[in-house]
Amino acid sequence: IKDAVIIIPSADPEDREQTTNDTRNSQFWVSWEQQWTDALSSQTVVSASDFISGRHALIDNPEEIRGQLSDERTIAILRLNQDWNFAWNDRHHLSWGGELQEIEADYSYRSAADYYGMYSDLPGHATSRSRELTPNVDGDAIAFYVSDRWTAHRRLIADPGLRGDKQNYTDPDDHGQLRPH
């Protein structure tokens, strides 16, 4: 996706609004399914994703307003999933698996604003602004789960399970999360 908009609201080419948007979204995956026995099967998925964005803006009228904005994003994820299923019989199935992820995320934001003329007299509007933000998130995530499905009756099924997650890109001292699956 690539967008571009240019607006020149008056006869003066110096008075302009301009914006662009560049986006790229890529995904790749490979899946391998294996039937080990009549009761045991597995699926392994290796995947890679990335999302890159742009975003540029410009409002330029030297007599009244001046503005700029830039917004950059990059997200890349490498992932390995593996799921196992064991069918004890028609009424009892056991499932377990895990996931590994490597995540890189960059975000850069810049902004500038100058107000002139009548805009400088408006309450709450400063005559100059500038902002900059550059967070960076890199890290890994790991997860596991187990689920035990019992069919007690055709209308009564029990499916207890447990899932554990741990990420080191948010809080390195976090011991992870454990919850029902």
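Above: the structure in question.
Let me sum up the structure you'll find in this document.

Our next topic: the overall build of the protein. Secondary structure summary: the protein contains zero helices and eleven strands in total. In the protein, the succession of α and β elements from N to C terminus is β-β-β-β-β-β-β-β-β-β-β. Taking all contacts inside the protein whose residues are at least 6 apart in sequence as the whole, residues at least 24 apart take part in 52%. Carbon and sulfur atoms make up 55% of the accessible area of the protein, which amounts to about 12,800 Å² in all.

Relative to the elements of secondary structure, Ile 52 occurs in strand β3 (residues 40-53). Judged by its relative accessible area of 27%, Ile 52 is partly exposed. C-alpha separation for the pair Ile 52 and Ala 76, spaced 24 residues apart in sequence, amounts to 8.6 Å. If sequence neighbours within four positions are ignored, Ile 52 has contacts with Asp 22, Thr 23, Arg 24, Arg 73 and Thr 74.

On to the pairing of strand β8 (residues 136-153). Two elements, β8 and strand β10 (residues 161-167), share seven bridges in a ladder whose sense is antiparallel. When the bridges of β10 are listed, Phe 144 appears paired with Gly 164. With three bridges connecting them, β8 and strand β9 (residues 156-158) associate as antiparallel partners. Pairing of Trp 150 across the sheet is with Ala 158, part of β9. Hairpin connection, β8 to β9: the antiparallel pair is bridged by two residues.

A word on the environment of Pro 160. Following the sequence through the fold, Pro 160 ends up in the loop between β9 and β10. On the basis of relative accessible area, Pro 160 is assigned to the partly exposed category, the value being 49%. When residues no more than four places from it in sequence are discounted, the contact partners of Pro 160 are Val 146, Ser 147 and Asp 148.

This paragraph deals with the packing of aromatic side chains. If you walk through the whole model with that rule in mind, you get four aromatic pairs. Ring centres of Trp 36 and Trp 84 lie 5.9 Å apart, and the angle between their planes is 15°; this geometry places the pair in the stacked category. With Trp 36 in the loop between β2 (16-35) and β3 and Trp 84 in strand β5 (residues 65-89), this pair connects stretches of sequence that are 48 residues apart. Linked through ring pairs, Trp 32, Trp 36, Trp 84 and Trp 96 together constitute an aromatic cluster.

What counts, and at which threshold
Residues numbered from 1 in each chain as written. Predicted model: local features only at pLDDT ≥ 70, side-chain atom pairs only at ≥ 80, totals over all residues. Heavy atoms only, no water. Helix = DSSP H or I, 4+ residues; strand = E, 2+ residues; numbered from the N terminus. Contact = heavy atoms within 4.5 Å. Areas by Shrake-Rupley, 256 points an atom, 1.4 Å probe, with all protein chains shown as cover. Buried < 20%, exposed > 50% of the residue type's maximum accessible area, 1.4 Å probe, protein only. Pairing = 2+ DSSP bridges. Phe/Tyr/Trp six-rings, centres within 6.5 Å; stacked < 30°, edge-to-face > 60°.

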